Amino acid sequence: MQPAFDFTQWPPLISDKDRNALQYRATSYALAHGLLYLPIGVQPPKLTSAIHAPISLFPTPFPRDQFEQAQRLQSIYNILYSRIAMDIEFLDQTMGTEVGVGQVDEFTGQLWSGWRDLRERGLAQPLHLGLFRSDYLLHQRDSELSLKQVEFNTISSSFGALAQKTAEMHRSLEISTKFYTNSAHLNASNLPPNHSTSGLVEGLAAAHAAYNVDGSRILFVVQTGERNIFDQLWLEYELLEKYSIHVVRRTFDELAHQVKLSEKDFALIIESPDERPVEISTVYYRSGYTPDDFPTQTQYQTRFKLERSKAIKCPSIPLQLAGGKKVQQVLTEPGVLERFLCDEKKYGSQGVFSAQALADLRTSWMEMWPLDLDGDAGVGQARGRALELVLKPQREGGGNNVYKEAIPEFLVSLPPRERPAWIAMELISPPLGLKNYLVRAGSEECVETEVVSELGIFGWSLFGEGKVINEKEAGWLVRTKGKDSNEGGVATGFSVLDSLVLV
Ligand code: ADP
Ligand code: MG
Ligand code: MG
């Protein structure tokens with residue numbers, strides 16, 4: 001057996017002079033290859049300058065077997081979440097406004113209610129597209145390392161394209177410089193390739209092909225003021241260059257005036273003042289995951305109009321609801337995974353999974369429970385074990401969770417009727433002592449700091465009418481944050497883009 005990798009010995013030794021030279025090579029690569037962000041204040045329609053995305057100077061060590069395990073799990077997760085999104089009864093129970101989270105969480109309630117009304121009026125498109133990202137941290141217990149899931153994202157899973165560029169940057173640094181030679185691990189065979197751009201675009205193109213109308217386009221619904229625009233543009237270029245599919249970018253506010261549904265079959269048509277009307281095959285949301293994207297009822301009305309249409313939605317409202325933290329917690333309850341993965345009557349003999357597959361999923365989970373568990377028991381348990389927990393509401397995009405010592409006070413302030421909107425989750429304990437150099441645009445010095453790295457595995461699934469038509473694993477992402485920052489969003493400024501060196 002190989003000796004376990006010593007995470008405290010990372011990154012490899014490098015002199016200040018060499019590190020400056022490495023930083024120069026890294027940032028020049030990033031700027032030259034479109035590993036970019038918009039600076040604050042620069043916005044369309046005038047894009048005049050860009051900065052490199054925050055990056056790490058070295059890739060992060062990760063056990064090869066755990067990486068391969070995460071890749072293997074992705075296909076099961078693609079199918080699992082597709083089936084959840086098609087199980088109306090389950091989503092009504094879990095996320096609805098009558099008995100589910102939607103009773104107390106206003107945002108969930110709005111989405112669910114809109115979807116229920118549309119179901120009654122009739123939805124024009126049976127297919128859904130998911131571009132997913134399953135996020136993991138390494139968990140260390142004694143000397144044993146395992147892979148633990150942080151969350152599963154079903155909407156606006158970002159950084160696929162920039163993650164690929166970051167992996168390519170680390171590969172280029174390995175080939176082109178001498179600065180990686182102080183570690184035997186840092187050679188090309190240990191730097192896994194990452195095809196997340198083509199992987200994600202293959203999913204979008206599959207939906208477009210299934211829609212099958214000549215001249216139709218894919219709509220990207222984006223946020224006003226999005227700084228992570230290059231990550232989206234790389235998907236657009238790939239769609240155009242590889243599949244000849246054109247993209248239309250619009251915000252909810254622009255769409256409010258521009259969306260028409262055809263009378264005949266609810267085809268989604270965008271009518272802009274200075275362009276010919278275009279039919280939309282697929283709606284890809286890089287927006288719509290937070291209540292901030294819905295400041296008034298108008299944005300909800302636009303969302304529901306898109307949902308009503310014949311275009312394929314990525315994600316549909318039920319698929320967005322399936323990605324709720326509540327669903328992640330309910331999946332850990334006895335029998336729930338069996339409902340989705342072992343029902344031969346519903347999914348056929350080819351559609352059921354082995355006991356081993358279920359065990360593998362469960363091994364990747366931390367303990368979770370709802371705060372409204374058994375009267376006061378859920379809250380009591382959360383107070384008693386606060387230092388080993390994180391509390392999560394039904395939100396995406398970072399910055400919403402409550403950690404450790406902040407938990408007791410938070411529980412005092414939380415009205416009991418809001419408890420069902422929250423889950424408690426055991427904290428994952430990543431290996432200690434791992435460091436890296438983090439580089440941000442505009443700061444001359446990079447920072448050496450103790451870090452935690454989160455691995456995301458992308459996947460896509462095209463499904464509907466009870467069946468998964470096609471699904472694939474679609475590359476990966478690493479985000480690295482300073483150890484003392486609880487949250488890990490690159491967009492929210494707490495972390496950098498990174499890649500893996502398999503050990
Ligand atoms: P969001 O949907 O807002 O990204 P996450 O569940 O991913 O919510 O939580 C945000 C961040 O909080 C994660 O990226 C991770 O850094 C940290 N985090 C979440 N859950 C855990 C956990 N169980 N253990 C350790 N850190 C966690
Ligand atoms: Mg997350
Ligand atoms: Mg999320």
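Owing to the predicted nature of the structure, the values given are computational and were not obtained by experimental measurement. (Residues numbered from 1 in each chain as written. Chains lettered and ligands numbered in written order. Predicted model: local features only at pLDDT ≥ 70, side-chain atom pairs only at ≥ 80, totals over all residues.)

A. Local environment of the overall build of the protein. Check the secondary structure of the protein and you find 16 helices and 21 strands. Overall, the C-alpha framework of the protein stretches about 70 × 60 × 50 Å when taken along its three principal axes. Within the protein, contacts between residues separated by at least 24 positions form 74% of all contacts whose residues are at least 6 apart in sequence. (Helix = DSSP H or I, 4+ residues; strand = E, 2+ residues; numbered from the N terminus. Contact = placed C-beta atoms within 7 Å.)

B. Here's a closer look at the nonpolar core. Counting residues in each nonpolar core, the largest one holds 128 residues, and the members touching the most others are Ala26, Ile55, Val283 and Ala382. Looking at this core element by element, the count peaks at ten residues for helix H2 (residues 64–86). (Core = buried A, V, L, I, M, F, W, Y, C linked by C-beta atoms within 7 Å. Buried ≥ 20, exposed ≤ 12 C-beta atoms within 10 Å, placed from the backbone.)

C. Inspection of the packing of helix H6 (residues 196–211) against helix H7 (residues 229–243) at higher detail. Look at H6 against H7: their axes get within 9 Å of each other, and the N-to-C directions meet at 65°. Relative to H7, the element H6 lies roughly perpendicular. Considering the relative orientation of H6 and H7, their crossing is right-handed. For the pair formed by H6 and H7, the contact residues are Thr197, Ser198, Leu200, Val201, Leu204 and Ala205 on the first element and Trp234, Leu235, Glu238, Leu239, Lys242 and Tyr243 on the second. Considered class by class, the residues forming the contact of H6 with H7 number eight nonpolar, two polar and two charged. (Axes fitted to C-alpha atoms, helices over the stretch in contact; angles between N-to-C directions. Parallel < 35°, antiparallel > 145°, perpendicular 65-115°, else oblique. Left-handed = near helix turned anticlockwise from the far one by under 90°. Nonpolar A, V, L, I, M, F, W, Y, C, P; charged D, E, K, R; others polar.)

D. Structural context of H2. Helix length check: H2 (23 residues) gives 34 Å between terminal C-alpha atoms against 33 Å at 1.5 Å per residue, within 8%. Gln74 marks where H2 bends most, by close to 30°. (Expected span 1.5 Å × (residues − 1). Bend = angle between axes of the 7 residues up to and from the residue.)

E. Representation of the packing of helix H4 (residues 106–121) against helix H9 (residues 297–308) in the model. H9 packs onto H4 with a crossing angle of 40° between their chain directions and a minimal axis gap of 10 Å. As judged from the angle between their axes, H4 and H9 are oblique. Considering only the axes of H4 and H9, their crossing is right-handed. On the side of H4, the interface is formed by Gln110, Gly114, Trp115 and Leu118, while H9 contributes Tyr300, Phe304, Glu307 and Arg308. In the contact of H4 with H9, the residues fall into four nonpolar, two polar and two charged.

F. Representation of H7 in the model. Under the 1.5 Å per step criterion, the end-to-end length of H7 is 21 Å for 15 residues, consistent within 8% with the ideal 21 Å. Within H7 the residues assigned to the buried category are Ile229, Asp231, Trp234, Leu235, Glu236, Glu238 and Leu239. Among the structural elements, helix H5 (160–176), H6, strand E7 (217–222) and strand E8 (247–250) are those in contact with the buried residues of H7. Of the residues one or two after H7, Ser244 is the one with positive phi, at around 55°.

G. Summary view of the environment of Leu500. Mapped onto the elements of the fold, Leu500 is located in strand E21 (residues 500–502). Here Leu500 falls in the buried class, since 23 other C-beta atoms lie within 10 Å of it. Remark: the alpha-carbon pair of Leu500 and Gly109, spanning 391 residues in sequence, is separated by 39 Å.

H. Region of interest: the pairing of strand E16 (residues 423–426). As judged from the three bridges shared by strand E13 (residues 368–370) and E16, these two strands associate in the antiparallel manner. By the bridge assignment for E16, Met368 is matched with Met425. (Pairing = 2+ DSSP bridges.)

I. Examining the sheet that holds strand E15 (residues 402–403) more closely. On the basis of which strands lie adjacent, the open sheet formed by four strands has the order E13-E16-E14-E15 and antiparallel pairing. The sheet terminates laterally at E13 and E15, the two strands that pair on one side only. Each of E13, strand E14 (389–392) and E16 is contacted by helix H15 (residues 377–384), which is oriented at about 135° to E13, the strand it contacts most.

J. Up close: the confidence of the model for the protein. On average, residues of the protein score 95 in pLDDT, and 98% of them reach the 70 mark or higher. Scored by ipTM, the complex comes to 1.00, with pTM at 0.97. (pLDDT = per-residue confidence, 0-100.)

K. The arrangement of the environment of Gln328 in detail. Topologically, Gln328 is positioned in helix H11 (residues 325–330). Note on Gln328: 20 C-beta atoms within 10 Å, which makes it buried. The spacing of Gln328 and Pro315 is 13 residues in sequence and 17 Å in space, taken between C-alpha atoms.

L. Seen up close, unusual backbone geometry. In this structure, the amide linkage connecting Pro44 to the following residue, Pro45, adopts the cis form with an omega of 5°. Residue position: Pro45 is located in the loop between strand E1 (36–37) and strand E2 (51–52). Geometrically, the link from Cys314 to Pro315 is a cis peptide bond, its omega value of 0° lying close to zero. With respect to the helices, strands and loops of the structure, Pro315 is situated in the loop between strand E12 (312–314) and helix H10 (317–322). For Asp142, which is not a glycine, the phi torsion comes out positive at approximately 50°. Position of Asp142 relative to the elements: it lies in the loop between strand E5 (127–141) and strand E6 (144–153). Although it is not a glycine, Asp374 adopts a positive phi angle of roughly 40°. When you line up the elements, Asp374 lands in the loop between E13 and H15.

M. Spatial organisation of the environment of Leu331. Within the element layout of this structure, Leu331 appears in the loop between H11 and helix H12 (336–341). Put simply, Leu331 and Trp365 are 34 residues apart on the chain and 9.8 Å apart in space, counted from C-alpha to C-alpha. Apart from residues lying up to four places away in sequence, Leu331 is in contact with Val336 and Leu337.

N. Structural context of the pairing of strand E17 (residues 435–439). Here E17 lies mainly inside the structure; four of its five residues are buried. Bridge analysis of strand E3 (residues 55–56) against E17 gives two bridges, and the strand direction is antiparallel. The residue of E17 that forms the bridge with Ile55 is Val439. In terms of strand pairing, E17 meets strand E18 (residues 447–464) through four bridges, oriented antiparallel. Following the sheet pairing, Tyr437 is matched in E18 by Glu448.

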